[in-house]
Amino acid sequence: MKLLYFIVLTGLCMACHQPRVYRINGSLPGALDGYVVKLYNIDTYPDVLLDSTVIKDEKFQLEGTRTFEYPKYCRLVVDMTPDEPDQRKKTLKAYRFFADNTAMEFQCQMDSMPAYYWEAVNKEHNVTLTGSPTQDLYQAYKTSVQELSERYTALRNEYLEVYHVPALDGILNTEKGMKIVREMNMLKAQLNKAAFEFIKVHNNSVVSLLLANNLLNSTRSEMTVEEIDGLMNGFTPALQNASMMGDVKKTAERMRCVARGGTYHDIVLKNLKGENVPLSEYMKPGAYNMLEFWASWCSPCRGEIPHLRHLYEVCGKDFNMISVSIDERDTDWKKAVQEEGMQWHQLCDQKGRKGPVAIEYQVSGVPYCIVLDPEGKIVCGGVRGAELDVVVQDLLGEKAKGL
């Protein structure tokens with residue numbers, strides 16, 4: 001009897017100490033046998049492969065071998081062409097979600113699953129994932145802002161149709177474009193407010209880390225250093241060791257370099273005469289200045305130049321424009337300046353993606369602009385087209401009447 005009691009007690013103890021791990025039971029009606037399913041942790045870059053399996057009878061199962069210290073932000077990828085060696089030719093489906101140390105159920109019709117790469121129609125709602133409390137929390141947030149998000153997306157699409165596409169042909173529907181932008185700005189402010197409020201209430205959840213990272217990236221030069229610090233200091237100590245926290249801290253540090261209210265960085269660049277000159281030499285004291293970062297090889301940059309020419313013609317006396325190329329070849333830069341008829345200040349950082357533009361201004365992609373007030377402090381960044389026109393009109397008032 002004592003021996004039996006000891007065996008039972010030992011078994012119970014072992015069960016109590018058995019680490020809980022994630023398990024995903026998947027159902028993909030329409031999937032063929034042999035499709036490969038992979039689960040990646042995308043908390044940090046580069047992604048880490050957690051597990052993989054092969055679909056059989058339209059089903060799959062993935063199971064962890066160790067407990068997550070924190071819920072993981074994951075991407076489940078279905079490779080429909082596992083024998084294709086060229087990654088660019090593969091047909092991939094993917095879904096992002098938070099995985100807990102729980103048993104989860106994943107269901108979706110194969111032909112309705114979201115694509116790995118961008119597609120015009122968002123298909124995330126076709127996926128049903130249950131069993132993850134963290135994903136449930138994230139889904140609840142997305143549901144709470146769904147109406148705002150859909151209205152914003154609809155306005156963005158309208159803006160592309162009404163302003164952006166015609167602008168590529170030199171047709172500037174400025175008044176219509178600015179009206180749409182102002183509506184978008186109001187919606188974005190509401191979406192940002194909702195994210196801030198969620199983070200404040202759920203400051204112990206990794207979901208808030210994801211939202212904070214998105215906020216920092218999408219509100220570049222809209223937040224002050226104090227606001228960035230307030231966001232970062234609001235998280236509980238329990239989250240400090242989460243892997244995603246490392247990325248959020250890096251993003252916050254980059255955004256501090258170009259935070260609203262910060263003073264511009266005076267870097268050395270090359271002018272059209274081939275001289276190395278300080279940026280400050282081209283700043284107009286007491287006026288609003290704009291730094292426009294671009295490159296001759298960048299199609300969107302070239303597409304924005306007709307609008308910049310118009311802006312210069314209308315507001316050039318009151319709005320000092322400085323274009324800074326990141327072309328590494330002098331001939332390419334100068335040829336593009338001449339072809340585009342860029343009459344305003346032209347400078348170049350020929351160190352390209354490794355130069356002071358990338359380091360001091362955290363410019364990882366072009367086109368990108370930063371608007372400065374008469375004291376050289378950052379007003380905003382990342383605006384173009386009618387978005388820029390709205391900013392200029394608000395800053396210059398009657399002086400921008402001809403936009």
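We now turn to the structure provided with this report.

Scoring rules and cut-offs
- Residues numbered from 1 in each chain as written.
- Predicted model: local features only at pLDDT ≥ 70, side-chain atom pairs only at ≥ 80, totals over all residues.
- Heavy atoms only, no water.
- Buried < 20%, exposed > 50% of the residue type's maximum accessible area, 1.4 Å probe, protein only.
- Helix = DSSP H or I, 4+ residues; strand = E, 2+ residues; numbered from the N terminus.
- Pairing = 2+ DSSP bridges.
- Salt bridge = Lys/Arg side-chain N within 4 Å of Asp/Glu carboxyl O.
- Expected span 1.5 Å × (residues − 1).
- Arc of directions from axis to C-beta.
- Contact = heavy atoms within 4.5 Å.
- Phe/Tyr/Trp six-rings, centres within 6.5 Å; stacked < 30°, edge-to-face > 60°.
- Lys NZ or Arg CZ within 6 Å of the ring centre and 35° of its normal.
- Axes fitted to C-alpha atoms, helices over the stretch in contact; angles between N-to-C directions.
- Parallel < 35°, antiparallel > 145°, perpendicular 65-115°, else oblique.
- Nonpolar A, V, L, I, M, F, W, Y, C, P; charged D, E, K, R; others polar.
- Disulfide = S-S within 2.5 Å.

## A look at the pairing of strand β11 (residues 288-294)
Within β11, six of the seven residues are buried, which leaves it mostly tucked inside the rest of the structure. Alignment of β11 against strand β12 (residues 319-325), held across seven bridges, turns out to be parallel. Looking at the pairing, Asn289 lines up with Asn320 of β12. Relative to strand β14 (residues 368-372), β11 runs antiparallel, the two sharing five bridges.

## Points about the pattern of salt bridges
Evaluation of the coordinates by the stated rule reveals 22 salt bridges. Two residues, Glu124 and Lys142, come together in a salt bridge whose shortest N-O distance is 3.2 Å. Remark: Lys142 occurs in helix α2 (residues 133-144) and Glu124 occurs in the loop between β7 (103-107) and β8 (128-130); sequence separation between them is 18 residues. The exposure class of Glu124 is partly exposed, given its relative accessible area of 31%.

## Side note on helix α7 (residues 243-256)
Relative to the 20 Å expected for 14 residues at 1.5 Å per residue, α7 spans 21 Å between its end C-alpha atoms, a close match to the ideal helical length. All buried positions along α7 are accounted for by Met244, Met245, Val248, Thr251, Ala252 and Met255. End-on view of α7: buried residues confined to an arc of 120°, all on one side of the axis. Those residues of α7 that are buried are in contact with β5 (72-79), β6 (92-99), α5 (206-218) and α6 (225-233).

## Focus: the packing of aromatic side chains
Here a ring pair, both rings aromatic, is described through the centre-centre distance and the interplanar angle of the planes. According to the stated counting rule, one finds 12 aromatic pairs in the structure shown. Judged by centre distance (4.9 Å) and plane angle (75°), the ring pair of Tyr116 and Tyr117 falls under edge-to-face. In textbook terms, an aromatic cluster arises when at least three aromatic residues are bridged by ring pairs, as seen for Phe60, Tyr95, Phe97 and Phe106. Its end group placed over the ring of Tyr368, Arg220 keeps NZ or CZ at 4.4 Å from the ring centre.

## Examining the sheet that holds β11
Sheet strands pair via backbone hydrogen bonds, and the direction of the pair is either parallel or antiparallel. Spatial strand order, β10-β9-β13-β12-β11-β14-β15: seven strands in an open sheet with mixed pairing. The strands lining the two open edges of the sheet, one partner per strand, are β10 (276-278) and β15 (378-381). Taken pair by pair, the neighbouring strands of this sheet meet at an average axis angle of 35°, ignoring direction. Helix α8 (residues 299-315) contacts β11 and β12 of the sheet and is inclined by roughly 160° relative to β11. Relative to the sheet, helix α9 (residues 330-340) contacts β9 (268-271), β11, β12 and β13 (345-348), its axis offset from that of β13 by approximately 165°.

## Here's the deal with the packing of α2 against α5
A pair of packed helices can be characterised by two numbers: the angle between their axes and the separation between those axes. Here α2 crosses α5 at 45°, and the two axes come no closer than 9 Å. Between α2 and α5, the angle is such that the two are oblique. Seen from α2, the contacting residues are Thr134, Leu137, Tyr138 and Tyr141; seen from α5, they are Val206, Val207, Leu210 and Leu211. Residue composition of the contact of α2 with α5, grouped by class: seven nonpolar, one polar and no charged.

## Side note on the state of the cysteines
A complete count under the given rule lists one disulfide for this structure. Between the sulfur atoms of Cys298 and its disulfide partner Cys301 the distance amounts to 2.5 Å. Given an S-S torsion of about 80°, the disulfide between Cys298 and Cys301 has right-handed geometry. In terms of burial, Cys298 and Cys301 fall into one category: buried. As a non-bridged cysteine, Cys74 has Cys108 as the owner of its nearest cysteine sulfur, 17 Å distant. Under the relative-accessibility criterion, Cys74 is labelled buried at 0%. We note that Cys369 lacks a disulfide partner, and the nearest cysteine sulfur, in Cys380, lies 6.3 Å from it. Here Cys369 falls in the buried class, since its relative accessible area comes to 1%.

## Side note on α2
In this model, α2 (12 residues) spans 17 Å end to end at C-alpha, consistent with the 16 Å of a helix rising 1.5 Å per residue. The complete set of buried residues in α2 reads Thr134, Gln135, Tyr138 and Tyr141. For α2, the angular spread of buried residues about the axis comes to 120°, placing them on one side. What points out from α2, more than 90 degrees from its buried face, is the exposed set Pro133 and Ser144. The secondary structure elements touched by the buried residues of α2 are β5, β6, β8, α4 (174-201) and α5.

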